[in-house]
Amino acid sequence: MRTLNLGILAHVDAGKTSLTERLLQAAGIIDEVGSVDAGSTRTDSLDLERRRGITIKSAVVSFTLGGTGVNLIDTPGHPDFIAEVERVLNLLDGAVLVVSAVEGVQAQTRVLYRALRRLGVPTVVFVNKIDRAGARTDELVRDLRAKLDPAMVAVDAVDGLGTAAAESKPRGRDAAYTEDLLGALLDSASDAEAGRVNDLLNAYLEETTPAGPSGMSHVARDAALDAAFAERVALARAHPVHFGSAITGAGIDGLVAGLSRCLPGSEGDPAGPLSGTVFKVERGPAGERIAYARLFSGAVAVRDRVPVGDGREGKVTGISVFEDGDDHARSRAEAGQIAKLRGLGEVRIGDAIGRPPKLRTEHFLRPALETVVAPLRDRDRPALHTALTHLAEQDPLIGLRHDESRRELSVSLYGEVQKEVIGATLAEEHGLEVDFRESTVICVERVTGSGEAVEVTAKAPNPFLATVGLRIEPGPGIDFRLGVELGSMPFAFFKAVEETVHDTLREGLHGWQVEGATVTMTRSGYWARQSSAHGGFDKSMSSTAGDFRSLVPLVLMDALRQAGTVVCEPLHRFRIELPAADLGGVLGALAKLRAVPEPPEIRGSRCALEGTIPAGAVHGLGQRLPGLTSGEGVLESVFERHEPVTGPVPSRLRTDANPLDREAYLLALTRRVTGG
Ligand SMILES: Nc1nc2c(ncn2[C@@H]2O[C@H](COP(=O)(O)OP(=O)(O)OP(=O)(O)O)[C@@H](O)[C@H]2O)c(=O)[nH]1
Ligand SMILES: [Mg+2]
């Protein structure tokens, strides 16, 4: 059976979860449509989601459409949970991008659409909330075209816009619709396709129809145009725009028909080699991990031993697949499907199952904030460490940091709502009460010059049996290169050097991740494996990978000190919609928060302000805005770039095991070896 793994994506509150309910009802899976506001939907199933009325974790539900099995993935729209969206993007065969008919294209809409386009995911747009006062149609489509993609075509017409009785039905075949479709084909045609589009265009221009020189009847001509558009949609180069309301149910049938027309889904090869990827990990009743995996090729059966991640293996003890609304226990799952796999032990999000699939990954921004988490009761400290380690295994972006000398645990965050979610998870799942310190911004360090350092085997002050020379200079990303012969050392030693370079650069001269650096290994050397008089391996005379791992941080930090770095803070682009009368007060607040606004755009009594603001000030602005605008101001912000900090340079240097301080570093290494 063909499978369509379909993501529902949108800015927060656009109506993804409500739409998911409607689609389940249309497919006959549920009789009663659940409500987000009453906490009764299928996909917002966590207590916290129901209490807060927002989606926090992606959730899968399924139904059948024509002969295709659809796995629908409802994603969170709140930017604090963007990582959840990132993880599902590369499993998708198609997406519905939901846009509110009132709010229109919002910050996250753009971020998500850009990601879908880069990954080539066929995307249908659903303009929701046509029942709400202020809903727009034509103007909104113009906005979609201008801000997202010119190849967007409204395929529905709306009656009674902005009222509870609003209805949506497929547009009739008139000149305007034809023109829109042809326009989208022209906008999105590659050179190879241009000829075919021209033939179609000519067929419409012929005066002598129904059967002019092209021999095409009206009906055949329209069918050819529809087919060409559907094909373009399936290639992710054009997008139909549906209209409706997830609350009243208007336009849902049209959307369902559009999905089966334009999103063909995929059919993997069940006989091929096993290949899949884990995008979600859940804990079962006994605390065991349950992995959600999308299978791209091959099949997996209960009791199979399968490769997991790099180099681990697990025995599958239970499988369920999503079918007819729920997950059902099965003895086997195959290509195309999403399966819940039990028994895979230490499985983590992002692990490959079997052969690593070739994924088109899309990385959104890493978290920009971090905060220290402290237990209310000091004796809970070890339990908190364990609980956070569990969370970090499931969600690597939590980026747990442990500063032993300060006895501090800190986690990375996208925002304040995520803090609440972590707090609630610790309380509900681990019985731990915690306090979060005020969030601080996560900066990065950019390399500004170049520097080089060398330490030679057993030559003071080098206590290790390894020779390492490293040069560091500015470059895009983080790149490790060999300036020495690959044959000059065992490969395992090079590997150890490369890995340690990456690890070391997580904390630069001021303790921040180093970005934009090319590191070249300029010297290498080792002592070959020596045996003692008794024939055993003599550690005191033979180099090991451990010698390289220990030495690289010292050499690299030396080189980095010469090169120098500049600390950069994350900067967001903000947009505020507010009453024009409140502009003065808001501008004053922005100045205090180090924001740089552009000239305001005034439209009657409303106005819009855009500009940049340090990420660390966004939360404060969000808190002040209601007071400054009598609750009328709406703030949106997304990361834009990193900028060198002005004023005092923030530092988060560790006090323990810091290779910038040679003595402290060597002492910590000795302690680790002796277990002291
Ligand atoms: N009037 C109206 N309200 C709607 C419609 N769709 C959703 N809503 C309301 O909008 C709010 C958000 O709906 P959700 O379905 O939770 O939106 P979401 O996109 O899933 O939100 P997140 O998952 O938190 O990003 C709820 O209060 C819904 O009742 C609609 O078509 N019309
Ligand atoms: Mg939701």
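None of the values given here were measured: they were computed from a predicted structure.

Draft legend 1. Just the overall build of the chain, in detail. Within the chain one finds 16 helices and 35 strands. In summary, the chain has a C-alpha radius of gyration of 29 Å against a globular reference of 26 Å for 676 residues, a match within 12%. Taken along its principal axes, the extent of the C-alpha atoms in the chain is 100 × 65 × 55 Å. A buried classification covers 52% of the 676 residues belonging to the chain. Of the contacts formed within the chain by residues at least 6 apart in sequence, a portion of 72% connects residues at least 24 apart. If you sum the accessible surface of the chain, you get close to 30000 Å²; carbon and sulfur atoms cover 51% of it.

Draft legend 2. Region of the structure containing the pattern of salt bridges. With the rule as written, the count across this model stands at 50 salt bridges. Close ionic contact of Arg 407 with Asp 378 constitutes a salt bridge, the shortest N to O distance being 3.9 Å. Residue Arg 407 is located in the loop between strand 21 (401–403) and strand 22 (408–413), and its partner Asp 378 is located in the loop between strand 20 (369–375) and helix 10 (381–394); the two are separated by 29 residues in the primary sequence. By relative accessible area, Arg 407 is classed as partly exposed at 49%. With a closest N to O distance of 3.8 Å, Lys 495 and Glu 499 form a salt bridge. You can see Lys 495 and its partner Glu 499 sitting in helix 12 (residues 491–504), 4 residues apart, about one turn around the helix. Lys 495 gets classed as partly exposed once you look at its relative accessible area, which sits at 42%. Among the charged side chains, a salt-bridge network with shared partners connects Arg 573, Arg 575, Glu 577, Glu 598, Glu 610, Glu 640, Arg 641 and Glu 643.

Draft legend 3. Molecular detail of the packing of helix 6 (residues 175–188) against helix 7 (residues 191–205). At a minimum axis distance of 9 Å, the contact between helix 6 and helix 7 shows a crossing angle of 160°. Judged by the inter-axis angle, helix 6 sits roughly antiparallel to helix 7. The way helix 6 lies across helix 7 gives a crossing that is left-handed. Seen from helix 6, the contacting residues are Thr 178, Leu 182, Leu 185, Leu 186 and Ser 188; seen from helix 7, they are Glu 193, Val 197, Leu 200, Leu 201 and Tyr 204. Grouping the constituent residues of the contact of helix 6 with helix 7 by class yields 7 nonpolar, 2 polar and 1 charged.

Draft legend 4. Looking closely at the nonpolar core. Counting residues in each nonpolar core, the largest one holds 44 residues, and the members touching the most others are Leu 9, Leu 89, Val 127 and Leu 144. Among the secondary structure elements, those contributing two or more residues to this core are helix 3 (82–89), strand 4 (94–100), helix 4 (107–119), strand 5 (123–128), helix 5 (138–147), strand 6 (152–154) and strand 9 (239–243). Those residues within four positions of Leu 9 in sequence are excluded, and the remaining contacts are Lys 16, Thr 75, Val 85, Leu 89, Leu 92, Ala 95, Val 96, Leu 97, Val 98, Leu 112 and Leu 116. Counting 34 residues, the second largest nonpolar core, distinct from the first, contains Phe 464, Leu 470, Phe 548 and Val 555.

Draft legend 5. Representation of the coordination of the magnesium ion (ligand 2) within the structure. Protein-derived ligands of the magnesium ion (ligand 2) are Thr 17 (OG1) and Thr 55 (OG1), with the metal-ligand distances lying across 1.9 to 2.0 Å. Here Thr 17, found in helix 1 (residues 16–26), pairs with Thr 55, found in the loop between helix 2 (47–52) and strand 2 (59–65); they are 38 residues apart in sequence, far enough to count as distant.

Draft legend 6. Broad picture of the environment of Val 88. Within the secondary structure, Val 88 sits in helix 3. For Val 88, a relative accessible area of 1% puts it in the buried group. The spatial distance from the C-alpha of Val 88 to the C-alpha of Gly 104 is 24 Å, given a sequence separation of 16 residues. Setting aside residues up to four positions removed in sequence, Val 88 forms contacts with Ser 58, Ile 73, Thr 75 and Phe 279.

Draft legend 7. Quick look at helix 9 (residues 252–262). Taken together, the buried positions of helix 9 are Ile 252, Leu 255, Val 256, Gly 258, Leu 259 and Cys 262. Taken end-on, helix 9 shows its buried residues confined to a sector of 160°, consistent with a single buried face. Exposed side chains of helix 9 directed beyond 90 degrees from the buried face belong to Asp 253 and Arg 261.

Draft legend 8. Layout of the site of ligand 1. Around ligand 1, 19 residues are found, and the nearest of them are Lys 16, Thr 17, Ser 18, Asp 37 and Thr 55. In this structure, an oxygen atom belonging to ligand 1 sits 3.0 Å away from a side-chain N or O atom of Asn 128. One of the side-chain N or O atoms of Ser 245 is found 3.0 Å from an oxygen atom in ligand 1. Protein chains shield 89% of the accessible area of ligand 1, which is 640 Å² for the free molecule. In terms of residue count, the dominant contributor to the shell around ligand 1 is helix 1 (3 residues). Residues belonging to the shell around ligand 1 are distributed by class as follows: 6 nonpolar, 7 polar and 6 charged.

Draft legend 9. Local environment of the side chain of Thr 457. With respect to the secondary-structure elements, Thr 457 resides in the loop between strand 26 (451–455) and strand 27 (467–474). By relative accessible area, which is 11% here, Thr 457 ends up buried. A distance of 2.7 Å separates a polar atom in the side chain of Thr 457 from a polar atom in the side chain of Thr 467. With sequence-adjacent residues up to four places away left out, Thr 457 is seen in contact with Asn 462, Phe 464, Leu 465, Ala 466, Thr 467, Gly 525 and Trp 527.

Draft legend 10. Region of interest: the packing of helix 3 against helix 4. For the pair helix 3 and helix 4, the least separation of the axes is 11 Å and the interaxial angle reads 20°. Overall, the two elements helix 3 and helix 4 adopt an arrangement that is roughly parallel. Viewed along their axes, helix 3 and helix 4 form a crossing whose handedness is right-handed. Contacts from Ile 82, Val 85 and Leu 89 of helix 3 reach helix 4 at Gln 108, Leu 112, Ala 115, Leu 116 and Leu 119. Here the residues of the contact of helix 3 with helix 4 are counted per class, giving 7 nonpolar, 1 polar and no charged.

Draft legend 11. Quick look at the packing of aromatic side chains. Scanning all chains against the criterion turns up 4 aromatic pairs. Both rings, one in Phe 493 and one in Tyr 526, keep their centres 5.6 Å apart while their planes meet at 75°; by these two values the pair is edge-to-face. Remark: Tyr 526 occurs in the loop between strand 30 (517–525) and helix 13 (545–563) and Phe 493 occurs in helix 12; sequence separation between them is 33 residues. Joined through ring pairs, the aromatic side chains of Phe 279, Tyr 292 and Phe 322 make up one cluster. Geometry around Tyr 292 places Lys 280 over its ring, the cationic atom sitting 5.0 Å from the centre.

Draft legend 12. Fine view of helix 16 (residues 662–674). An ideal rise of 1.5 Å per residue puts 18 Å on 13 residues; helix 16 measures up with 18 Å between its terminal C-alpha atoms. For helix 16, the complete set of buried residues consists of Ala 664, Tyr 665, Ala 668 and Leu 669. Projected down its long axis, helix 16 shows its buried positions confined to an angular sector of 135°, all on one face. Of the exposed residues in helix 16, those oriented more than 90 degrees away from the buried face are Glu 663, Val 673 and Thr 674. Of the surrounding elements, those touching the buried residues of helix 16 are helix 13.

Basis of the calculations
- Residues numbered from 1 in each chain as written.
- Chains lettered and ligands numbered in written order.
- Predicted model: local features only at pLDDT ≥ 70, side-chain atom pairs only at ≥ 80, totals over all residues.
- Heavy atoms only, no water.
- Helix = DSSP H or I, 4+ residues; strand = E, 2+ residues; numbered from the N terminus.
- Rg over C-alpha atoms; globule rule 2.2 N^0.38 Å.
- Buried < 20%, exposed > 50% of the residue type's maximum accessible area, 1.4 Å probe, protein only.
- Contact = heavy atoms within 4.5 Å.
- Areas by Shrake-Rupley, 256 points an atom, 1.4 Å probe, with all protein chains shown as cover.
- Salt bridge = Lys/Arg side-chain N within 4 Å of Asp/Glu carboxyl O.
- Axes fitted to C-alpha atoms, helices over the stretch in contact; angles between N-to-C directions.
- Parallel < 35°, antiparallel > 145°, perpendicular 65-115°, else oblique.
- Left-handed = near helix turned anticlockwise from the far one by under 90°.
- Nonpolar A, V, L, I, M, F, W, Y, C, P; charged D, E, K, R; others polar.
- Core = buried A, V, L, I, M, F, W, Y, C linked by side-chain atoms within 4.5 Å.
- Donors = N, O, S within 2.8 Å, 3.2 Å for Na, K, Ca; no water.
- Arc of directions from axis to C-beta.
- Near = heavy atom within 4 Å.
- Polar contact = N/O pair within 3.5 Å; in protein donor to acceptor, adjacent residues only side chain to side chain.
- Phe/Tyr/Trp six-rings, centres within 6.5 Å; stacked < 30°, edge-to-face > 60°.
- Lys NZ or Arg CZ within 6 Å of the ring centre and 35° of its normal.
- Expected span 1.5 Å × (residues − 1).

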